[in-house]
Each structure stands twice: as structure tokens, then as C-alpha cells.
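Read off the chains here:
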Amino acid sequence: MLKGSISRVVFPVAGLGTRFLPATKAIPKEMLPVVDRPLIQWVVEEAAAAGCTEFIFVTSPEKSSICAHFSNAPHYEETLTARGKTEALALLQAGLPKNARIIEVHQDEPLGLGHAIWCARDYTHGEPFAVILPDDLILGPRGCLSQMLSHYEGGTMIALENVPAEDTDKYGIVAAGSGSGSGSGSGSGSDKIVTISSITEKPKPENAPSTLAVVGRYILDGGIMAALETQKAGAGGEIQLTDAIATMIPSTQTKGYRFAGDRYDCGNRDGFLTANIAYALSPYGANMGSATRSKLNDIINMTPEKK
């Protein structure tokens, strides 16, 4: 495998999406649209742009529509081709490369993110692979996974973002080792790289080693599956991926990466709505332009009487 090259990516998508009920009673949360395409398609496109060709969906039997979305649709394809609708045809192909391989794996019990990753063990073949959590949309001129791969030199790499001190109990929090860059991530090179000396899942603010939080992009050393095999339940009674990563730090190069871009937490309604607005207006998203911005301004500036 070439340096900075990853062919496999795992998407843990077995969750019920209860925060979005009743919308998710019959439709998986990952299939809810962010502007003009499902949430899951945005992150699949990010992985494809980073060179991934094997897309592993860890899902449940009730969420078959996710993989169905990435299957062929001959009737639509023939109709759009005949009508010369090339842009619509490209969207229909869901951002997948021509040599894409779709793999569906079921997580039968909700035992945590670490367990979900472990469910894909038969398809990672002991090699490094990427993980993308679809709840985290990251908007910028270059995909987060592509940014990470441009600095990846083996071992484990985790996307990092500074969060408010009072929010550390919502994230995995890392402690930076000596030699880590001290920049905010807006520059290039070493100021984006953090050598991780420890990682703690959801520490209380008074116990957090920093405010550098793990967000939903990982490049994992192939040995993570062996670590997850024996990993005991941690925070929330679940098998935590961060706990397994922590056990590997003494023997495996573990880096953090301060990515460039804006993250939107689509795991809650506020973040999902904000992502829709941001992606509609951004040239890196759907770029619906000035007309949409004008309509939004009209709504925001509407007086109570007009409402």
C-alpha cells in the first residue's frame, strides 16, 4: 500500500436515530437529506475523494435502504442519460468511483462504537483503514479524510478539534505529547499534527487533560481489531473505540490532526439544520447561491407581525 493511501473505509450506521423521531421511524437518519443528497452520501463522497474504493457499512437489518441507495438504478440511469441530464446522473451515482465495492455488515446489538468497528473485522484484513462517522459533516475546500491522508505515515491518526471546556464530557479528549504543534490548525504542516500521549472518553471538565476533542474521522492501525476483541465496556456501558486506541498508544504511533474546515454535528436537530443552511450556501457544498441567501435573510429579518 502506498504511503498516505487507504482503500477501505468503515461507516458505523446501525444507530436508531431516536433524536429525529418521528422522521426516522421508517427512514434511517443517515438517509435524511442535507440539501440535495442524503447525509450518508456526503461522507461517502468525502471518502471517495480520498481514494477509498471499499465502503463497509456497519448497519442493522432494519436499515437496508442505506446500501440500497448505493446500488445501481438502471431505469433512472437510462432515463437521465436519454434526456442528457448529466448533473442529475452524477448525483444518482452517489459519488462512488467506478471500481467501488459496497459491503454490508450487521451489528446485532448496540454495544458501542468500538463494537461496531469490530463487526467489520473480516473485511479489513489486518491493514490500516479509515472510519467516518456520518453524524459529523466537515465542510471545507478539501475533505477532512484527504487532509489527514496527506500527513499519514502509518499507525493511527485521529481528527481533532478544540471544544469548550464545559463540553469535554461529550467527547474523547486527548493529551498532547512533547513535540506536538501548537497552532490552531489554520496553517500547514507540523502545526496541524499532535502527538497523542493519552486519550480519555468523556472526562468531566475538571479531569480533562485538554480541550482537544476527537471528532468523527479516524485512520486506524490494522491492530485495532485485536485490541477491540478483548476491550471491556467503558463509558456509558459501551465498548469505546477510544479505549482500544488508548491501549495501543505505547506500541503504536498515534497522531492527532487539526483539520481545516467547519464541523456540523448532525446527530442533533440544531446541528442538522445548521448543516443544511451551510451546505446550501457554501461553494464547497451544494452552492445554491444568492437567491437562497436572500430568502434566508428575509426570514431572519421578518417582523413578529409578518410572522
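Below is a short write-up of the structure. (Residues numbered from 1 in each chain as written. Predicted model: local features only at pLDDT ≥ 70, side-chain atom pairs only at ≥ 80, totals over all residues. Heavy atoms only, no water.)

1. Thoughts on the packing of aromatic side chains
What counts here: Centres within 6.5 Å make a pair out of two Phe, Tyr or Trp rings, where for Trp the six-membered ring is used; the pair is then stacked when the planes are under 30 degrees apart, edge-to-face when over 60, and tilted otherwise. A run of H or I in DSSP becomes a helix once it reaches four residues, and a run of E becomes a strand once it reaches two; helices and strands are each numbered from the N terminus. Working definition: with a 1.4 Å probe on protein chains only, accessible area under 20% of the residue-type maximum means buried, over 50% means exposed, and in between means partly exposed. A ring is scored as having a charge over it whenever the NZ atom of a lysine or the CZ atom of an arginine sits within 6 Å of its centre and within 35 degrees of its normal.
Scanning all chains against the criterion turns up six aromatic pairs. Pairing F11 with F57 gives two aromatic rings, centres 5.1 Å apart and planes at 20°, and the pair type is stacked. Here F57 lies in strand β4 (residues 54-59) and F11 lies in strand β1 (residues 8-12), a separation of 46 residues in the sequence. Classification of F57 as buried rests on a relative accessible area of 0%. Relative to Y279, the ring of W42 has its centre 4.7 Å away and its plane inclined at 70°; by these criteria the two rings are edge-to-face. Of this pair, W42 sits in helix α1 (residues 39-49) while Y279 is found in helix α9 (residues 269-281), placing the two residues 237 residues apart along the sequence. Judged by relative accessible area, which is 9%, W42 ranks as buried. Joined through ring pairs, the aromatic side chains of F11, F55, F57 and F70 make up one cluster. Here the guanidinium or amino end of R37 rests over the ring plane of W42, the centre of that ring lying 4.0 Å away.

2. Notes on the environment of R19
Operational definition: Any two residues whose heavy atoms approach within 4.5 Å at even a single point are treated as in contact. Pairing of N or O atoms within 3.5 Å defines a polar contact, subject to two protein rules: one partner must be a possible hydrogen donor and the other a possible acceptor, and residues neighboring in sequence count only if both atoms are side-chain atoms.
Here R19 lies in the loop between β1 and β2 (33-34). Take R19: its relative accessible area is 57%, and that puts it in the exposed class. Each C-alpha atom, one on R19 and one on R269, is 7.4 Å from the other, the two residues being 250 residues apart in sequence. Not counting residues up to four positions away in its chain, the partners in contact with R19 are G267, N268 and R269. Of the polar contacts made by the side chain of R19, one reaches the backbone oxygen of G267; its length is 3.3 Å.

Just distances and angles here, no functional claims.
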